Amino acid sequence: MNLPASGRRVLVSGASRGLGRAVARAFAAQGDRVAVHYASRAEEARLTLASLDGTGHALVAGDLGDPAGAAAVAGAAAEALGGIDVLVNNAAVNVRHPLPETPYEEWAEVWQRHVTVNLLATANLSHLAARRMIDQGTGGRIVNIGSRGAFRGEPDHPAYGATKAAVHALGQSLAVSLAPYGIAVASVAPGFFATERVASRLEGAEGEAIRAQSPFGRVAEPDEIAAAVLWLASPAAEWSSGTILDLNGASHLRS
C-alpha cells in the first residue's frame with residue numbers, strides 16, 4: 001500500500017481543544033491536511049484551525065452520537081480534503097457518576113450517553129473512514145484514544161472506563177479485519193494529562209495526589225500524547241497494528 005508520510009488527509013474528532021487540538025497541530029506541523037471536527041464549541045474549533053501550520057485544513061461540525069451526524073461529518077471531511085487517509089477517534093464524554101451517589105435515572109442516562117459517544121460514535125466513524133480508505137486503495141490508519149482507566153478501573157467514572165475498554169477491543173478487532181487493505185488500527189491508553197477541562201483539579205487540593213500517581217511526579221502534556229498518535233499513524237507503524245499503547249508515566253503497569 002502507498003500511504004504517504006506527509007500530505008495525508010486526516011480527520012480528528014473532538015478537535016476543538018485539549019488533546020484533539022494538540023493532535024491536529026501535530027499532523028499539520030508535519031505537512032498533513034486536517035479536518036478539525038467539533039460538536040458545539042465552534043469558536044474554540046476556529047481557534048484550533050487558525051493555529052494549524054500549512055493550508056488546506058477544514059472545519060467540520062456534527063453530532064457523532066447520531067449515526068446520520070457521523071455520516072455527515074465523515075462526508076464533509078472527505079469532501080473538504082479530497083478523501084481520508086487517517087482517522088483519529090478522540091471525541092468522548094466523561095461525566096462523574098459514582099454508583100453510591102448517583103440516582104438510577106441519572107445513572108442510566110449517563111451510561112447511555114457514554115456508550116453512544118465514546119463507543120458507538122467511534123465504531124461508526126471508523127466504518128465510514130475505513131470504507132473510504134478501502135475504496136481509495138492506498139491503505140490508511142485509524143488511531144483510537146482510549147484510557148488507562150480501562151485497565152485500572154474508574155470508580156467515579158465507571159461508564160468512561162467501560163466504554164474505553166470497549167474502544168480498545170474494537171480497535172483490535174478492526175486491526176485484524178482491515179489489515180488486508182493496508183489499514184492499521186491502534187489505540188493509545190493515556191493516564192492523566194493536563195487540559196483546560198481538568199485545570200481546576202490540578203490547581204486545587206487534588207492536584208498533588210494526581211501528580212503523585214506517576215513516579216515522575218507530574219501529569220502528561222497533550223503534546224506527549226499527540227506525538228504517540230502521530231507515530232502510530234505513520235507508515236512506519238504498520239507492524240504496531242492492534243496495539244494498545246500505555247502512556248501513563250508508569251502510573252499503572254500491566255503485562
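The preceding data block contains the structure.
Rules used in this analysis
Residues numbered from 1 in each chain as written. Predicted model: local features only at pLDDT ≥ 70, side-chain atom pairs only at ≥ 80, totals over all residues. Heavy atoms only, no water. 1 Å grid on protein atoms, 1.4 Å probe; cavity = no way out; pocket = protein on both sides within 12 Å on 5 of 7 lines; lining within 4 Å. Points joined across faces, edges and corners; volume = space filled by probe spheres on them. Helix = DSSP H or I, 4+ residues; strand = E, 2+ residues; numbered from the N terminus. Nonpolar A, V, L, I, M, F, W, Y, C, P; charged D, E, K, R; others polar. Core = buried A, V, L, I, M, F, W, Y, C linked by side-chain atoms within 4.5 Å. Buried < 20%, exposed > 50% of the residue type's maximum accessible area, 1.4 Å probe, protein only. Contact = heavy atoms within 4.5 Å. Axes fitted to C-alpha atoms, helices over the stretch in contact; angles between N-to-C directions. Parallel < 35°, antiparallel > 145°, perpendicular 65-115°, else oblique. Left-handed = near helix turned anticlockwise from the far one by under 90°. Pairing = 2+ DSSP bridges. Right-handed = clockwise from strand over helix to strand, strands pointing away.

Novice: So what exactly am I meant to see when it comes to empty space enclosed by the protein here?
Specialist: Any empty space left between atoms is shown by rolling a water-sized probe over those atoms. Enumeration over the complete set of coordinates arrives at one cavity of 30 Å³ or more. Of the volumes computed, that of the largest cavity is approximately 40 Å³. What lines the largest cavity is simply S13, L64, N89, N90, A91, V117, A121, T122 and L125. The dominant element in the lining of the largest cavity, judged by the number of residues it contributes, is helix 4 (residues 104-136), at four residues. In the lining of the largest cavity, the residues fall into five nonpolar, four polar and no charged.

Novice: What's the story with the nonpolar core in this structure? I'm lost.
Specialist: Generally speaking, nonpolar side chains in soluble globular proteins are found buried as a group. Core analysis: the largest hydrophobic core is formed by 30 residues, its most contacted members being V23, F27, V34, V88 and V229. Those elements giving two or more residues to this core turn out to be strand 1 (9-12), helix 1 (18-29), strand 2 (33-38), strand 4 (86-89), strand 5 (140-145), strand 6 (183-190) and helix 9 (222-232). The dominant element in this core, judged by the number of residues it contributes, is helix 1, at seven residues. Every residue in contact with F27, bar those within four places of it in the chain, is listed here: R8, V10, D32, V34, V86, V88, V229, L230 and A233.

Novice: Hey, could you run me through the packing of helix 4 against helix 6 (residues 158-178) in this one?
Specialist: Working note: a packed helix pair is described by the angle between its axes plus the distance between those axes. One way to put it is that helix 4 packs onto helix 6 with a least axis distance of 9 Å and a crossing angle of 20°. Overall, the two elements helix 4 and helix 6 adopt an arrangement that is roughly parallel. Seen along the crossing, helix 4 lies across helix 6 with a hand that is right-handed. Note on element contacts: helix 6 touches helix 4 through P158, A159, Y160, A162, T163, A166, V167, L170, L174 and L178, opposite W107, W111, H114, V115, N118, L119, T122, A123, S126, A130 and I134. When the residues that make up the contact of helix 4 with helix 6 are grouped by side-chain class, the tally is 16 nonpolar, five polar and no charged.

Novice: Before we go on, may I ask you to explain the pairing of strand 1 in this structure?
Specialist: Looking along a regular strand, one sees the side chains alternate between the two faces of the sheet. The two faces of strand 1 match: R9 and L11 on one face and V10 and V12 on the other face are all buried. Across four bridges, the pairing between strand 1 and strand 2 is parallel. Each residue of the ladder has a partner; that of R9, found in strand 2, is R33. Read from strand 1 through helix 1 to strand 2, the crossover connection turns out right-handed. As paired strands, strand 1 and strand 4 are joined by three bridges and run parallel to one another. Bridge pairing in strand 4 places V10 opposite V86.

Novice: So what exactly am I meant to see when it comes to the environment of H37 here?
Specialist: Relative to the helices and strands, H37 resides in strand 2. Classification of H37 as buried rests on a relative accessible area of 3%. For the pair H37 and A227, spaced 190 residues apart in sequence, the C-alpha separation works out to 19 Å.

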